[in-house]
Structures are given as structure tokens and as C-alpha cells.
Amino acid sequence: MDILELLPLFGVALTPARTWTFAFVTVTFMIYLYIGWRSRVTESGEFYVAGKGVPAVANGAATAADWMSAASFLGMTGLISGLGSDGSVFLLGWTGGYVLLAMLLAPYLRKFGQYTVPDFVAKRYYSETARVVAAICAVFISITYVAGQMRGVGIVFARFLEVEAWQGVVLGMFIVGVFAVLGGMKGITWTQVVQFFVLIAAFLIPTIAISGMLTDTWIPQVGFATSDISEKVNLIQQDFGFPSYTKPFTNYDKWSVFMIMFALMAGTAGLPHVIVRFYTVANVRAARYSAFWALLFICLLYTSAPVLAMFARYQILTTLDGARIGKAVEEEGSGKTYYPVYRVNEAGEEELIPWVTTWQKTDLIKIHDQNEDGILSLQNVDGKFADVTIDKDILVLAAPEIAQLSPWVIAIVATGGLAAALSTAAGLLLVISSSMAHDLYVHFVEPNASEPRRLMIARIMIIGAILVAGYFGINPPGFIGEVVAFAFGLAAASFFPIIFLGIFDKRMNREGAVAGMIVGIGFTAFYIIACRSTKVLGMAEPLMEPWFQGSQWLPDGLRPEAVGTVGLVLNFAVALIISRLTPAPPEDVQELVESVRVPRGSHAPEAHFDETDAEADNP
């Protein structure tokens, strides 16, 4: 008796889509576990940077998988679909930020030859205090980011395997824990290569299929540009009282769009789990090539996301409005109540819309017949649909069901969502582990630890990070896209200025770097937590409302997603001012900065901090 035969014994009904989902998830999870087992390592160099021997193409695919998280796979399409033209700020910010990282920072960071971002900060700023501050920043950013990934895992399992979201998070924690704990960066890298092909196939297959249904071509981007879908969506939106889908600045004002986009761009260039990927290749030339391959792979998804967003929006608008709402039904066993929704098909017969029912059971779609007329209305009421609330994070997962595609397509999308979430979660967990074990514990608690001891500490830290990530996955502080945007804002306010100035400003010193990081991340974290305290801290009311509400420039106030730009400016200002008021860096550090900017040559990542490379500022 196999697993599919056992499932009905536990009350899990095997629909075709669920059968395919179990099959795909089981196969891919077994592959991930096998890679983790085969990639198990015995040296810290392999654990942290995969032995610096990853080919450029493979590193490009792994970087793309690391980069295209649940926020890209699940959250971004939902945000674009819900916000229309303004949602493209996430697409532009994340894509532009990767170009900024690949062209401006990554080759130079590779040439510095360190294991982690805190390693770079410690060496460039000749300061162990700077290392500690950078390590704390890296952990804080990564925990914020990984919360969104775990939420994505919970959503997929909640819908397609019909388990509680927390159970899905726990299963995801176990899978990612195995290949991360055993193989470190080596295991994570080769797992991410496989996960990239899973997630890109899962995103492109339904997008191509829906394009063929709604336009005259199977090429989504061509159908998006040449069909009249956008005009139809605009007209329907206006009929329902919403602004035109393609009209800009209807949800965000101009300055908010600019500030969010800039925070996402700078945050991308400062993300520690993406930066560390450029340390896994052999030299600077390979770093540049892997950046090219990663950008090419990323474009496959990022040019398709707005297409799928508009197609899904069109199908929702044309499918649900005017549908009949049935009487409330209480699900046996769970006690949950849902409302079946019916529409009239082309034959004039009334039929059930099954995807609305199944997603209601996860509480990610809610029906509320406000005027009690039994007819579902999508009219605009305070910027939302009148009779239905649809969670933004489910749109990609629900799109194949809305379009009535084959069950195996629905299943592969669920598998791709898991791959996207787990691939990024693994990279983030390694950053947390390396920051806690390599940058803090080994340097300050047990500097003479043996190689096996270092690996044991690193693995213990990963397990601890997984537990923290699981908690925030079960209790997320917002939508996937929102949570990830907060992480990017924190990275923009803490790491980007210090990395940029560390490469291009010889006069930048340790005092300026430490003060800049503390002010940047401190201000940004305080503002986000205070404005979102209802979700982050569980308070009944937020500690404060966004600043500048009703002003000429920011009528909706300074959004938490945009505050990273302000934190970045504060970091730059504080760092530059203090560095000019305090002694210049030593001559050897200034010479190091000059040599790094020469576009050839590199040295291998250093396994451990060497006190001769920098002057510790700890008395």
C-alpha cells in the first residue's frame, strides 16, 4: 500500500488535482532530500561558500531560485493584479535592484574574497564592532524575509493538501532543514538549481495556457501587448467603480511609488543571501557570468508576472460578478462554514464554481453578501469588492483553477510555489546560521574551534533559525509581498550604503559605518513595527499612524514599504558626516579599496578572520 492509498484513511479525499499534487510534491521533495544527503559536507569552506567551485550557469540558476522567492512567485502577481499599474513598482524595484547588484557591487564584493557580508564589513572597516552590528542586521533582515517564505509554504499546503497551515509550515521546515543542515551552501546550491526549473515551469505553463485561451497567441508577452484584454479589464473596472487597471498612481501617489521602488532596488543590492551567492564561484569573471545567467533566468518569470496578473484579474471579474450565492454550508468535521457560488454557463445551465468553494475552506476567500440579495457583486466599496474578499497571495495558485486547466497543471503550480518558498528560505537560513555561528560565535566565543566544532555550531544555528522562521510563518506580520518589502527596506537602510561606500569611498571609516548602520536600520525597524504593531506585536491599535498623511507630497502618508528609502538617506548622511569628523582609515585599508576596484584578479574566500588583516577596535 503506497502513500496515496493511505491518505483516505486519514480523511483526505483524493481529487485528481490533489492526487497529482501529492505525486509532484513527493517526487520533488525526495529529490531535494537526496541532493542534501549527497552534498553533505565536512569543511566550513563547503558549508558557507560551496567550496567556491560552482559553475557560472549553475550559480545563475541557483541565484535566480534564491531570488525568486514566494514573494515573486505568489505575492508579486497578486499585488500587480490588485493594484493594477501601481503594482508594477514591485516588478521594477526588484528587477532594477538586481541589475544594480550585478553590475555595480557583486564583482567587487567577490574580489574582497570574504565568506559573508559581515566578513566584508569587518575587513573593509577594520572593526569587530562593525562585524557584530552587520551580523545583527543580517539576522534581523533574514528573519523578516523568511517569514514571508514560510507563509507561502503554509498557503500551498493549506489549499492543495488540505492540512492546517501550521502543519504545512512544519513539513516545509523539516524538508529545508535536511538539505540545509547536511549540505550547507553546497547542498542548498544544487537543490536550488533543481528548484529553479521546477518553479519556472510551474509559472510559465499556466501563463502560456491562459494566453492561448484569451488571446490569439501562446506567447504570453505577445498576447499581453497585442490583444484587447487590457481595454476589456479597464472597461470592466470602470463599470464596477474602480479606476482603470492601467492608469498609474491610483493606489499609490507618485512619491510613494518612487520611494517604494528605490527602497526595493537598494534593498535588493543589500540582501545578504543574494550577495553570498557571488562568493560561491571561482573568480570575478565567473561572478559576472553568473550574474548574467541569473538575470536571464529571472526575466523569464518577471516578464510573465504582469501578464498572468492581468489575465487572472480579467477572469475573476468576468466569472464572479452576478454569480448566485447559495445557502451557507457547514463542512463536516471542521465546523467551517462556506457559501457555494453558482454561475450560468454557455448552455444556460447553472453550475457550481468549485474553486471559490475550495479556497473558502482555507479562509483565503470570504463571501459576505452585504445586501443579502443572493447575488455576488464586485462593485467598489471603499476600494474593495462588495461581496467577496480574495487574499492577494492565492492568485497564482488559483489561476489554473479559475481557467479550468488540467489537474496536473494545478498540481505543478502548487509544487512550484513550494520550490520558490523553500529555495529562498534555505538561503536565508544559511545567512542566519553564518551570521550567528561564523561571525559571532566563532569570532568572540570560541575562536580556536576545530573544523568539526565549527560545522556543528553552524548546524545548530540553522536548526534554531528554522524554529524562529516557522513561528513567523505561522504568525506572519502581513501579506507575503508586504513582509518581503519590509525586509528589503531594512536591507536598503542598513547594508546598501555601507557596501556602496565601502567600495567607492576610500575615506569611509569604521566610525561612520557603525553609526550609519545603527541609525539606518534602527529608524526603519522602529517605523515599520510602530505602523504595523497590530500584526507584528498583536496590539489592538497601531502605535502610530504613517507620517505626513494628508500632505501635498504624500497624501496617504509615508508607507512602511517606502520608509527604507528614508533610512537609506539617513544612513548615508550619518556615515559620511561622521567619517569626515573622525580619523581616516589606515593606509593598508585604503590601498585594499583601490586594488578591489581594479577589474581583474581575485583571491579565494578566507575561511576565518585574520587579525593581521584589520585592526580590531575592541580594547
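None of these values were measured; they are calculated from a predicted model.

(A) Quick peek at the overall build of the chain. Check the secondary structure of the chain and you find 24 helices and nine strands. Taking contacts inside the chain between residues at least 6 apart in sequence as the whole, the part at least 24 apart equals 80%. Entry remark: accessible area of the chain is about 23,700 Å², with carbon and sulfur atoms responsible for 63%.

(B) Examining the environment of Gly322 more closely. As for its placement among the helices and strands, Gly322 is situated in the loop between α15 (305-320) and β1 (324-325). When its relative accessible area of 46% is taken as the criterion, Gly322 is described as partly exposed. Beyond its immediate stretch of four places on either side in the chain, Gly322 contacts Ile375 and Leu376.

(C) Representation of unusual backbone geometry in the model. A positive phi is found at Glu372, a non-glycine position, where the angle reads about 55°. According to the relative accessible area criterion, Glu372 is exposed, its value standing at 69%.

(D) Structural context of the packing of aromatic side chains. Under the definition given, this model contains 21 aromatic pairs. On the basis of an interplanar angle of 65° and a centroid distance of 5.4 Å, the ring pair of Phe292 and Trp293 is categorised as edge-to-face. Note on Phe292: relative accessible area 48%, which makes it partly exposed. Taking relative accessible area as the criterion, Trp293 reaches 28% and is therefore assigned partly exposed. Summarising the aromatic geometry, the rings of Phe523 and Trp547 are spaced 5.9 Å apart at their centres and angled 50° between planes, so their arrangement reads as tilted.

(E) Helix α14 (residues 284-302), seen in detail. A rise of 1.5 Å per residue sets the reference length of α14, with its 19 residues, at 27 Å; its end C-alpha atoms lie 26 Å apart and thus fit the reference within 8%. Within α14, the full set of buried residues consists of Val284, Ala286, Ala287, Ser290, Ala291, Ala294, Phe297, Ile298, Leu301 and Tyr302. Here the buried residues of α14 occupy an arc of 140° about the axis, which is enough to place them on one side.

(F) Local environment of the environment of Asn59. Considering the arrangement of structural elements, one finds Asn59 in helix α4 (residues 56-67). Taking the C-alpha atoms as reference points, Asn59 and Trp293, 234 residues apart in sequence, are found 8.2 Å from one another. Once you skip the residues sitting within four places of it in the chain, Asn59 turns out to touch Val54, Arg277, Thr280, Val281 and Ser290.

(G) Examining the packing of helix α18 (residues 407-444) against helix α19 (residues 451-474) more closely. Two numbers describe how α18 lies on α19: the axes approach to 8 Å, and their chain directions differ by 135°. Looking at the two axes, α18 sits oblique to α19. For the pair α18 and α19, the crossing hand works out as right-handed. In this structure, α18 uses Leu429, Leu430, Ile432, Ser433, Met436, Ala437, Tyr441 and Val442 to contact α19, whose residues at the interface are Arg453, Arg454, Ile457, Ala458, Met461, Ile462, Ala465, Ile466 and Ala469. Each residue belonging to the contact of α18 with α19 can be placed in one class, and the counts come to 14 nonpolar, one polar and two charged.

(H) Structural view of the packing of helix α12 (residues 254-269) against helix α23 (residues 563-581). Across the interface, α12 lies against α23 with an axial gap of 7 Å and an inter-helix angle of 65°. Relative to α23, the crossing made by α12 is left-handed. Contact residues: Met259, Phe262, Ala263 and Ala266 in α12; Gly564, Thr565, Val566 and Leu568 in α23. Class assignment of the residues belonging to the contact of α12 with α23 gives a composition of six nonpolar, two polar and no charged.

(I) Region of interest: the sheet that holds strand β5 (residues 350-352). Spatially, three strands are ordered β1-β4-β5 in an open sheet, and the strand pairing comes out antiparallel. In this open sheet, the two strands that pair with only one neighbour each are β1 and β5. Sheet topology note: the β1/strand β4 (residues 341-344) ladder contains two bridges and is antiparallel. Bridge pairing in β4 links Ile325 to Val341.

(J) Quick look at the pairing of β4. Pairing between β4 and β5: three bridges, direction antiparallel. In the strand pairing of β5, Val344 is matched with Glu350. Hairpin connection, β4 to β5: the antiparallel pair is bridged by five residues, and Gly348 has positive phi, about 80°.

(K) View of the side chain of Ser142. Position of Ser142 relative to the elements: it lies in helix α8 (residues 128-160). Assessed through its relative accessible area of 0%, Ser142 is described here as buried. Ignoring any residue separated from it by four or fewer positions in sequence, one finds Ser142 in contact with Pro272, Leu428, Val431 and Ile432.

(L) Summary view of the confidence of the model for the chain. Residues at a pLDDT of 70 or more form 88% of the chain, whose mean pLDDT is 81. By mean pLDDT, the top-scoring element of the chain is α23 (96), and the lowest-scoring one is helix α1 (residues 3-6) (44). Confidence drops under pLDDT 50 across residues 1-12; counting only partners more than four residues distant or on other chains, this segment forms eleven contacts. Overall, residues 607-619 carries pLDDT values under 50, and its contacts beyond four positions in sequence, including any with other chains, amount to 32 contacts.

(M) Spotlight on the layout of surface pockets. Approximately 1,400 Å³ is the volume found for the largest pocket. Lining of the largest pocket is provided by 44 residues; of these, Gly82, Leu83, Gly383, Lys384 and Lys392 occupy positions nearest its centre. The set of elements that each furnish at least two residues to the lining of the largest pocket consists of α5 (70-83), α15, β6 (365-367), β8 (384-385), β9 (388-390) and α20 (480-504). Ranked by the residues each element gives to the lining of the largest pocket, the list is headed by α5, at five residues. Taken together, the residues of the lining of the largest pocket sort by class into 19 nonpolar, twelve polar and 13 charged. Three or more residues apiece are contributed to the lining of the largest pocket by two domains, here domain 1 (57-312 + 410-602) and domain 2 (317-409).

(N) Geometry of the nonpolar core. With 182 residues, the main nonpolar core has Phe73, Phe90 and Trp94 as its most contacted residues. Here this core gathers at least three residues from each of two domains, domain 1 (57-312 + 410-602) and domain 2 (317-409). With residues up to four places along the chain from it excluded, the contact list for Phe73 reads Leu199, Ala202, Phe203, Leu301, Val396, Val413, Gly416, Gly417 and Ala420. Ranked by size, the runner-up nonpolar core spans five residues in total, among them Ala437, Tyr441, Ile457 and Ala458.

(O) A look at the side chain of Thr268. Residue placement: Thr268 occurs in helix α12. On the accessibility criterion, Thr268 (0% relative accessible area) is buried.

(P) Representation of a nonpolar patch on the surface in the model. A contiguous nonpolar surface patch, about 450 Å² in accessible area, is contributed by Trp255, Phe258, Phe262 and Trp553. Summarising the element assignment, Phe258 is placed in helix α12. On the basis of relative accessible area, Phe258 is assigned to the partly exposed category, the value being 40%.

(Q) Structural detail: the pattern of salt bridges. Following the criterion strictly, the structure yields nine salt bridges and no others. Measuring nitrogen to oxygen at the nearest pair gives 3.1 Å for the salt bridge that ties Glu128 to Arg131. Taken together, the residues span about one helical turn, with Glu128 and Arg131 both in helix α8 at a distance of three residues. Across the pair, exposure class does not vary: Glu128 and Arg131 are buried alike. A single salt-bridge network, built from bridges that share partners, covers Asp119, Glu128 and Arg131.

Reading guide: rules and limits
- Residues numbered from 1 in each chain as written.
- Predicted model: local features only at pLDDT ≥ 70, side-chain atom pairs only at ≥ 80, totals over all residues.
- Heavy atoms only, no water.
- Helix = DSSP H or I, 4+ residues; strand = E, 2+ residues; numbered from the N terminus.
- Contact = heavy atoms within 4.5 Å.
- Areas by Shrake-Rupley, 256 points an atom, 1.4 Å probe, with all protein chains shown as cover.
- Buried < 20%, exposed > 50% of the residue type's maximum accessible area, 1.4 Å probe, protein only.
- Phe/Tyr/Trp six-rings, centres within 6.5 Å; stacked < 30°, edge-to-face > 60°.
- Expected span 1.5 Å × (residues − 1).
- Arc of directions from axis to C-beta.
- Axes fitted to C-alpha atoms, helices over the stretch in contact; angles between N-to-C directions.
- Parallel < 35°, antiparallel > 145°, perpendicular 65-115°, else oblique.
- Left-handed = near helix turned anticlockwise from the far one by under 90°.
- Nonpolar A, V, L, I, M, F, W, Y, C, P; charged D, E, K, R; others polar.
- Pairing = 2+ DSSP bridges.
- pLDDT = per-residue confidence, 0-100.
- 1 Å grid on protein atoms, 1.4 Å probe; cavity = no way out; pocket = protein on both sides within 12 Å on 5 of 7 lines; lining within 4 Å.
- Points joined across faces, edges and corners; volume = space filled by probe spheres on them.
- Domains from an automatic or database assignment.
- Core = buried A, V, L, I, M, F, W, Y, C linked by side-chain atoms within 4.5 Å.
- Patch = residues over 30% accessible without salt bridge, like charges linked within 9 Å, V, L, I, M, F, W, Y side chains within 5 Å.
- Salt bridge = Lys/Arg side-chain N within 4 Å of Asp/Glu carboxyl O.

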